Amino acid sequence: MFNVIPNDYPEVLAKLNWLKANGYPDATEEGVLRDTIISGAQDLFNEALEESYWTVLWDVEDEKLWVRGAMSERLGEMVPREGFKTFADDFKQNPYKFWENLGMQVRSIVGSE
């Protein structure tokens with residue numbers, strides 16, 4: 001459960017409960033959401049590139065991600081859907097559209113290389 005990337009908000013809460021019950025008493029919902037977002041974006045790149053040498057990092061925490069290439073170059077940025085200031089709000093409102101948006105942005109960045 002520790003390495004599971006939640007697909008939706010109930011899975012975020014389940015992971016949070018698991019963390020608290022298994023030695024992570026300081027775990028928070030916000031922390032699990034941030035980890036879900038960055039780990040999920042990284043996983044999408046790894047899958048698209050069949051072993052990624054690119055790294056997804058926070059540019060502005062919960063508002064903008066950036067993608068670093070193998071030579072530390074900036075390859076692109078990822079943002080929440082229009083109408084959402086944060087990835088967390090986007091995810092909570094509609095996880096399906098959240099993942100679809102990230103997937104489209106990944107394809108756009110991968111396709112531009």
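Whatever comes next refers back to the structure up there.
Residues numbered from 1 in each chain as written. Predicted model: local features only at pLDDT ≥ 70, side-chain atom pairs only at ≥ 80, totals over all residues. Heavy atoms only, no water.

Caption draft 1: Up close: the pairing of strand β1 (residues 55-60). Pairing between β1 and strand β2 (residues 64-68): five bridges, direction antiparallel. Paired with threonine 55 across the strands is arginine 68, a residue of β2. Hairpin connection between β1 and β2: a loop of three residues separates the two successive antiparallel strands, and aspartate 62 in this loop has a positive phi of roughly 70°. (Pairing = 2+ DSSP bridges. Helix = DSSP H or I, 4+ residues; strand = E, 2+ residues; numbered from the N terminus.)

Caption draft 2: Inspection of the pattern of salt bridges at higher detail. In this structure the tally under the stated criterion is eight salt bridges. Across the pair lysine 64 and glutamate 77 runs a salt bridge, and its minimum N-O distance is 3.7 Å. Placement of lysine 64 in strand β2 and of glutamate 77 in strand β3 (residues 74-78) is noted, with a sequence separation of 13 residues between them. Overall, glutamate 77 belongs to the partly exposed group, its relative accessible area being 38%. (Salt bridge = Lys/Arg side-chain N within 4 Å of Asp/Glu carboxyl O. Buried < 20%, exposed > 50% of the residue type's maximum accessible area, 1.4 Å probe, protein only.)

Caption draft 3: Up close: the sheet that holds β2. Ordered in space as β1-β2-β3, the three strands form an open sheet in which the pairing is antiparallel. Edge strands, defined here as strands with exactly one partner in the open sheet, are β1 and β3. Across the sheet, the mean angle separating the axes of adjacent strands is 30° when strand polarity is ignored. In the packing of helix α4 (residues 95-111) onto the sheet, the strands contacted are β2 and β3, and the crossing angle to β3 comes to about 160°. (Axes fitted to C-alpha atoms, helices over the stretch in contact; angles between N-to-C directions. Contact = heavy atoms within 4.5 Å.)

Caption draft 4: View of the packing of aromatic side chains. A full pass over the atoms with the stated rule returns six aromatic pairs. Relative to tryptophan 99, the ring of phenylalanine 91 has its centre 6.1 Å away and its plane inclined at 85°; by these criteria the two rings are edge-to-face. Centroid distance phenylalanine 98 to tryptophan 99: 4.9 Å. Interplanar angle 75°. Geometry classified as edge-to-face. Members of the aromatic cluster, each reached through a chain of ring pairs, are Trp58, Phe87, Phe91, Phe98 and Trp99. (Phe/Tyr/Trp six-rings, centres within 6.5 Å; stacked < 30°, edge-to-face > 60°.)

Caption draft 5: Unusual backbone geometry, seen in detail. Phi is positive for aspartate 62, close to 70°, though the residue is something other than glycine. Inspection of the secondary structure puts aspartate 62 in the loop between β1 and β2. Aspartate 62 gets classed as buried once you look at its relative accessible area, which sits at 15%. One non-glycine residue with positive phi stands out, namely serine 72, at about 70°.

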